Structure formats: C-alpha cells, structure tokens
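Chain residues, written in single-letter form:
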Amino acid sequence: MDAVSEAGASEIMREVNIRKRFALHYSIFNINYSIVNEVNDLKELCRKNIWELSPYSSARNEYSGHVARVFLDANENPYNAPYNRYPDPLQQEVKTLVSKVKGVPVDNIFLGNGSDEAIDLPYRIFCRPGIDNVVAIEPTYGMYKVCADINDVEYRPVLLDEHFQITASKLLDACDANTKIIWICSPNNPTGNNINREAIEEVLQKFNGIVIIDEAYSDFSNEKPMRAELRKHPNMIVLNTMSKAWGCAAIRLGMAFASKEIIDIFNKVKYPYNVNLLTQKQAIEALKDPFAVDKWVKILIQERSQLMSTFLELPICEKVYPSNANFFLAKMTDAQSIYDYLVEKGIIVRNRSRIQLCGNCLRITIGTKSENTELVGALRNY
Ligand code: PMP
C-alpha cells in the first residue's frame with residue numbers, strides 16, 4: 001500500500017473504530033437509527049462500577065399501564081398539593097418541549113440541575129479517580145477544572161493561541177491512553193469567540209473518547225449549533241443551559257444532548273429527582289414562548305455591537321476581542337483599578353486579568369440599554 005492510501009485506510013479504520021466504540025442507536029422522532037449493534041467500546045470507556053450499576057428505582061418509576069388515581073406508594077404526605085408529590089424523575093413534559101425547540105429527540109436529551117450537573121456527571125461516569133485524565137482548552141469555563149479536582153481526575157489545559165484558537169493536533173497531542181474526555185467550550189468563556197469548526201470536527205473524528213462541546217452561549221452566535229450534528233458524532237456530548245439566552249439562571253436547568261446510550265447512563269447515575277417541580281413548571285412556561293427569547297437575543301446582539309464600538313473609543317480601553325456570546329472581553333489600561341472604581345459606583349463587571357492570555361482584561365456582560373449606558377458613562381468619567 002502506498003503512503004497516501006495507507007493514510008486513507010487508517011483514517012477509515014479510525015472512523016470505523018469510533019463508530020464501533022459508541023455503537024449508536026439514535027432514535028430520531030420515532031425512527032430508530034442503529035449504526036452499529038454492539039456497545040462494547042462505550043462499556044470500555046465507562047467506569048466498571050458505573051456500567052454495572054443497578055440504578056435506584058423510584059416509586060414513580062415502577063407502575064405503568066394504568067391511569068393512577070390513588071398514590072399510596074411513595075410515603076408522601078397526602079396534604080399540601082401539588083408540592084406533596086415527587087416530580088417526574090425523567091421530566092418528560094419538559095423534554096418534549098426542549099425536543100421541539102432544540103430539534104433533538106427526547107431520547108437524546110438529559111436534563112440536570114444546571115449545566116453544573118451535566119459537567120460533573122461525565123467525570124463520575126467515565127473517569128477513574130487517580131487514574132484517568134481530561135484535556136481542555138485554556139482559558140475556558142472554570143467548572144471543568146473544579147469538577148476534575150473534586151473527582152480526583154488529572155486536568156490537562158492546552159493553551160489557545162493569541163486569537164484564542166486551537167488546532168486539533170495540539171489537543172490530541174495532550175491526550176494519552178487514559179484521556180477520557182476533551183472539553184471544548186464554544187463560544188468560549190471568557191474569551192467570547194467561537195472555536196473554529198474545522199478543529200472541533202477533527203477532534204471529534206480522531207479522538208477515541210468523549211468530546212464535550214459546551215454551547216451555553218450558542219444562541220448568541222451565528223454558527224450552526226453542534227447539537228444538529230449529533231447523529232454524525234457518536235462520541236459527542238453537547239451542553240446547553242436555560243441560564244443565558246432563556247433568562248432562567250435562577251431555576252437551574254441545564255441540558256446535555258448525546259446518543260441514547262450515553263443519555264441512558266446519565267439517567268442511571270443522576271439523583272432520582274434531580275430537577276425539582278418548580279423548575280420543571282417554570283421551564284415549561286419559558287419553553288412555550290421561544291419567541292420572547294429570539295427577541296431578547298436580537299436586542300442583546302445589537303447592544304453587544306454598540307457597546308463594543310463604544311469601548312473601542314474609550315482612552316482606557318486598548319482592545320476589544322470579537323464575541324459570539326452575551327459578553328465580551330476588553331483589554332484595559334489598568335483592569336484592577338478600573339474594576340475597583342466601577343465597584344465603588346455599584347457597577348460589577350468581571351475582572352479576568354489573572355487568567356492566562358487575559359492580562360488586564362475585563363469581561364463585560366451585556367445588560368439592558370440603560371445599564372450599558374450607565375457603564376459607559378462611568379468609564380468616561382474614570
Ligand atoms: N457553561 C459555560 C460556558 C458557562 O459560562 C456557564 C456559566 N457561567 C455555565 C456553563 C453554567 O451554566 P448553568 O447555569 O446551567 O450551570
């Protein structure tokens with residue numbers, strides 16, 4: 001075999017191996033897509049205790065087939081409806097609406113107590129404490145490292161370049177046989193930019209473990225969300241949240257989209273009633289009105305571009321970095337003292353100057369027009 005066809009053949013084999021490893025059964029709106037029929041390699045990726053875990057079976061899981069009227073199964077108090085009853089452990093009504101809004105089948109959706117839960121679970125499912133490691137872009141959202149530390153999993157940060165971009169080979173070079181997860185946040189926090197799509201696709205194709213794409217801010221981006229590519233990438237988990245574009249940070253609802261096999265493992269490991277009734281109710285209300293979100297997003301993107309232009313005119317601002325999120329990063333002449341000055345005025349931004357590649361940078365969340373105007377007014381008087 002010549003060198004070129006050998007390389008081609010090894011690419012094909014790699015693809016076959018990844019597909020085999022994840023043995024997919026995607027159910028796309030009642031049609032079951034079964035790519036490969038074995039689940040051996042997902043089993044290999046999982047911690048043995050998790051693969052073999054018999055999950056807790058809650059009272060509400062155990063009956064089916066009849067309309068229930070009298071509930072004497074869960075040791076609940078019959079008084080104080082509706083708060084006396086345990087909520088739906090699998091949040092079917094919320095998931096049906098999420099499915100509609102996000103275009104992802106119900107079987108491919110996990111809902112959790114904020115993205116925090118969806119960030120922590122993959123460590124507990126795939127990473128053996130003290131043995132396995134994960135790779136992540138740097139700088140990025142701090143919870144990936146915090147959860148690694150809590151779970152005693154080695155965290156391997158790979159520095160972005162000066163444009164806050166990364167190549168697939170840099171990420172793959174940081175991996176070894178014990179690397180279970182690669183974290184990519186896009187749009188990235190705190191840098192605000194999309195990570196280039198070719199690098200993401202290459203990592204997804206070449207890495208034999210789990211690739212998690214955190215798209216918490218993708219509603220503010222012009223790039224097609226990765227959740228649309230679920231069927232193509234059996235090793236991908238995409239994270240979304242109600243905390244940003246949906247304006248629901250208080251209710252704590254995060255989501256993960258992945259193959260049915262991966263979602264089934266998430267559901268096995270999560271706490272039985274991980275999303276409480278009040279959260280489910282409020283999420284249903286919000287998800288019934290996606291047009292409100294579209295309107296907010298449009299306004300915030302417009303405000304973002306105005307505020308970024310205004311920052312560029314401030315003598316105390318040296319650089320504004322491109323953003324696809326509801327915030328942007330600005331390099332200032334003296335971030336710490338500008339931050340302190342704003343705090344005194346009752347205006348809180350995020351000082352990111354101690355983060356790698358973010359020297360003297362403030363991270364500015366886009367507020368309402370009047371909040372943004374107040375910020376600019378204060379900075380003009382600095
Ligand atoms: N992912 C990213 C990239 C974030 O920046 C944040 C919050 N700052 C989250 C997830 C957290 O989302 P949640 O509120 O759903 O826990």
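Coordinates for the structure precede this section.
In this text the structure is predicted, and so the values were computed from the model without any measurement.

Enquirer: I'd like to hear about the sheet that holds strand 13 (residues 361–365), residue by residue, with values.
Expert: Backbone-to-backbone hydrogen bonds pair the strands of a sheet. The strands run either parallel or antiparallel. Within the open sheet, the four strands sit side by side as 10-11-13-12. Their pairing is antiparallel. Two strands bound the open sheet, and with one partner strand each, they are strand 10 (317–320) and strand 12 (350–351). Here three bridges tie strand 10 to strand 11 (residues 327–332), and the two strands are oriented antiparallel to one another. When the sheet's bridge partners are listed, V320 is paired in strand 11 with A330. Each of strand 11, strand 12 and strand 13 touches helix 13 (residues 335–344); the most contacted strand, strand 13, lies at about 40° to it.

Enquirer: Describe the packing of aromatic side chains, listing the residues and the values that go with them.
Expert: Here the structure, examined in full by the defined rule, presents nine aromatic pairs. Here the aromatic rings of Y144 and W183 are separated by 4.4 Å at their centres, their planes lie at 10°, and the arrangement is stacked. Remark: W183 occurs in strand 6 (residues 179–185) and Y144 occurs in helix 7 (residues 143–150); sequence separation between them is 39 residues. For the pair Y144 and W183, a shared accessibility class is recorded, and that class is buried. Ring plane angle 85° and centroid distance 5.1 Å describe the contact between F311 and F328, whose orientation is recorded as edge-to-face. On the criterion of sequence distance, the pair formed by F311 in helix 12 (residues 290–313) and F328 in strand 11 is long-range, its members being 17 residues apart. An identical accessibility class is assigned to F311 and F328; each is buried. Taken together, Y123, Y141, Y144 and W183 form an aromatic cluster joined through their ring pairs. Here R363 stacks its cationic end above the ring of F327, 5.4 Å away from the centre of that ring.

What counts, and where the lines are drawn
- Residues numbered from 1 in each chain as written.
- Predicted model: local features only at pLDDT ≥ 70, side-chain atom pairs only at ≥ 80, totals over all residues.
- Heavy atoms only, no water.
- Pairing = 2+ DSSP bridges.
- Helix = DSSP H or I, 4+ residues; strand = E, 2+ residues; numbered from the N terminus.
- Contact = heavy atoms within 4.5 Å.
- Axes fitted to C-alpha atoms, helices over the stretch in contact; angles between N-to-C directions.
- Phe/Tyr/Trp six-rings, centres within 6.5 Å; stacked < 30°, edge-to-face > 60°.
- Buried < 20%, exposed > 50% of the residue type's maximum accessible area, 1.4 Å probe, protein only.
- Lys NZ or Arg CZ within 6 Å of the ring centre and 35° of its normal.

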